[in-house]
Amino acid sequence: MRFLLNTGRTIAQGSFVERKNSPSYRMAAATICMNPVDMLEILVEEGEHVRVSSDAGVVVMKVIPDQGLPRGRVFVSLGPYANHIVSAETHGTGMPDFKLTPVSIEPTKDPVMPVGSLMGLCGGLPYED
Amino acid sequence: MKIEDVVCSFCGCLCDDLVVEVDGKKVVNVENGCTLANEKFMGDHRLETPIRRTGNGWEKISYEEAIAETAAILLDADRPLLYGWSGTFGEAQSVGVHLAEILGAVIDNTSTVCHGPSILAIQEVGHPGCTLGQVRNRADVVVYWGANPIDAHPRHMSRYTTYCDGFFLKDAFKDRKVIVVDVRETESSNVADEFVRVNPGGDYAVLSALRAIVRGKRDIIPPNVEGVSREQLFRVADICIAAKFGAIFFGLGLTMSPGKNKNIRNAIELTQELSRHTKFTISPMRGHWNVYGSNEVFTWITGYPYAVDFARGIAFYNPGETTSVDILRRGECDACLVVASDPGAHFPRACAEHLARIPTVQIDPHVNVTTHLARIQIPVGVAGIDAEGTAYRMDGVPLRTRRLYKGDYPDDQEVLRKIYEIVREAKG
């Protein structure tokens, strides 16, 4: 099913910015908010995992309901999970389309990766503190 | 020891009324702070020593070794990128710009993925802004457009707008009207007198419709503009025109959405239209605590606020070409120095992949997402806790952050100066 992905600041994400290796940060940055009716449509319950795909990539996140979102729209706090699927195209402005990425979402049993492992996929080496 | 009037170095509000209790080299209590401030001051999660990536692992190294290797990486590069700067103080930012100049590097700050488009718009049509004190004491209408202050700037409403007293407002809490324009419901939209829900990417059209209404062209407005009814548009315009003093604050919901700098230009031009009827101002909700300072410092020294390229021996500025995301996406830079920011977390994946391919050095107090992509990380003191220097609030007011105790870490300026000295000596 197709959705429009929006990203932005949340108080939980902001609270853990100095502990980005922590499970709390992972929880804040890898949670996708979705209209409850859309969750029914794709057959996922709160806390289950979904595979979110765009033209730029694929990432696994945990889903929670958000009645404040219209149907067809999803929201993820800014961070490495959302940016794993945001295109680097800036249309000559310097600014990527962080607020409007078309994505498709489907249920999955795959785990949400730790931040270090996600960066490992980008060619980095996880540092455990 | 209790220290009063402490400046918080988290967001662009730079709240300067915190009371912080320090015991030796540890903050033990914070009063007046929001959730973000409490986490910042009470957090104790520093990287202990400089680290270096060694093939399949990491090793601790000395500051001298880390600084010498960083200088060598930068000297060896043909097109180094110096990125970040918004989470450190002005004096350190200044050293960074001078370092970029002698290296012939590109230097860019976090505005590039924040309010860079706002700067482009301001360069086109100006900035009818004011200080937050003016808003607090005079504004009877406040508009938050594409911004969610309760999450991103938690005390903005209580210190400057919705919930605070105002010198020229008798009953500020009741008298002030708050309008929130957003694509989704947020904590902030829940406390608004008027919530305008716009379709994603529809801000430009809604701003244009409001400009037309304020100009007296109500008859040309269609029944619905990007999800907003004509009746609500008329109502919002009437609230704004009837204001004695209106203040628009806009966030990344405008700068990152389709239209980008043109959205901001339209919002500024709406402000100008409204000022034909009453007094209106507009201001960006700046994110990092000293991102405004990075624009100030860059501009003093180079003439440009971000995305400055010294490759030609002079300062050259062309956002879209000399901006960090574009340089990384094109795989153009061959080394990167990251200072006081986290591009690994906040740039698209393609940029993170290039940061991992090239020698990336990070100067930052904490382990963050960029750490996993870097070759070297150098921990430093935190401005406003165990380091100090000048910062600029989101309305351009400079405030000095203070050192609350003498810690064990060098500050950004000290580390950067040492790198600068080595580079200067090598360059002759």
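Residues numbered from 1 in each chain as written. Chains lettered and ligands numbered in written order. Predicted model: local features only at pLDDT ≥ 70, side-chain atom pairs only at ≥ 80, totals over all residues.

## Thoughts on unusual backbone geometry
All names here are of chain B.
Then comes step 1: Positive phi outside glycine occurs at K260, with the angle close to 40°.
Then comes step 2: Mapped onto the elements of the fold, K260 is located in the loop between α12 (252–255) and α13 (261–274).
Then comes step 3: Owing to 25 C-beta atoms within 10 Å, K260 belongs among the buried residues under this scheme. (Helix = DSSP H or I, 4+ residues; strand = E, 2+ residues; numbered from the N terminus. Buried ≥ 20, exposed ≤ 12 C-beta atoms within 10 Å, placed from the backbone.)

## As for the environment of A:V50
Residue and element names in this part refer to chain A.
Then comes step 1: Relative to the helices and strands, V50 resides in strand β3 (residues 49–54).
Then comes step 2: For the pair V50 and P107, spaced 57 residues apart in sequence, the C-alpha separation works out to 4.3 Å.
Then comes step 3: Beyond its immediate sequence surroundings of up to four residues, V50 is in contact with I32, V44, M61, V63, I105, E106, P107 and T108. (Contact = placed C-beta atoms within 7 Å.)

## Let's talk about the domain arrangement of chain B
Residue and element names in this part refer to chain B.
Then comes step 1: Taken domain by domain, chain B holds domain 1 (48–114 + 289–398 + 406–427) and domain 2 (116–284).
Then comes step 2: Just the C-alpha atoms count here: the centres of domain 1 and domain 2 sit 34 Å apart.
Then comes step 3: Across the boundary between the two partners, domain 1 contributes 11 residues, which contact 9 residues of domain 2.
Then comes step 4: When the residues that make up the side of domain 1 that touches domain 2 are grouped by side-chain class, the tally is 6 nonpolar, 4 polar and 1 charged. (Domains from an automatic or database assignment. Nonpolar A, V, L, I, M, F, W, Y, C, P; charged D, E, K, R; others polar.)

## Looking at the nonpolar core
Then comes step 1: Ranked by internal contacts, the top residues of the largest apolar core, which has 172 residues, are A:M61, A:V74, B:L210, B:F250 and B:A267.
Then comes step 2: When residues of this core are assigned to their parent elements, the largest contribution, 7 residues, is made by helix α10 (residues 203–214) of chain B.
Then comes step 3: Mapped onto the domain boundaries, this core takes at least three residues apiece from domain 1 (48–114 + 289–398 + 406–427) and domain 2 (116–284) of chain B.
Then comes step 4: Look past the residues within four positions of B:L210 in its chain and what remains in contact with it is B:L233, B:V236, B:A237 and B:L270. (Core = buried A, V, L, I, M, F, W, Y, C linked by C-beta atoms within 7 Å.)

## A short note on the packing of helix α3 (residues 90–103) of chain B against helix α14 (residues 291–302) of chain B
Residues and elements named next belong to chain B.
Then comes step 1: As a packed pair, α3 and α14 sit with axes 9 Å apart at the nearest point and diverge in direction by 45°. Judged on the interaxial angle alone, α14 and α3 are oblique. Two packed elements cross with a definite hand, and for α3 against α14 that hand is right-handed. Facing G90, Q93, S94 and V97 of α3, the residues of α14 in contact are G293, S294, V297, F298, I301 and T302. (Axes fitted to C-alpha atoms, helices over the stretch in contact; angles between N-to-C directions. Parallel < 35°, antiparallel > 145°, perpendicular 65-115°, else oblique. Left-handed = near helix turned anticlockwise from the far one by under 90°.)

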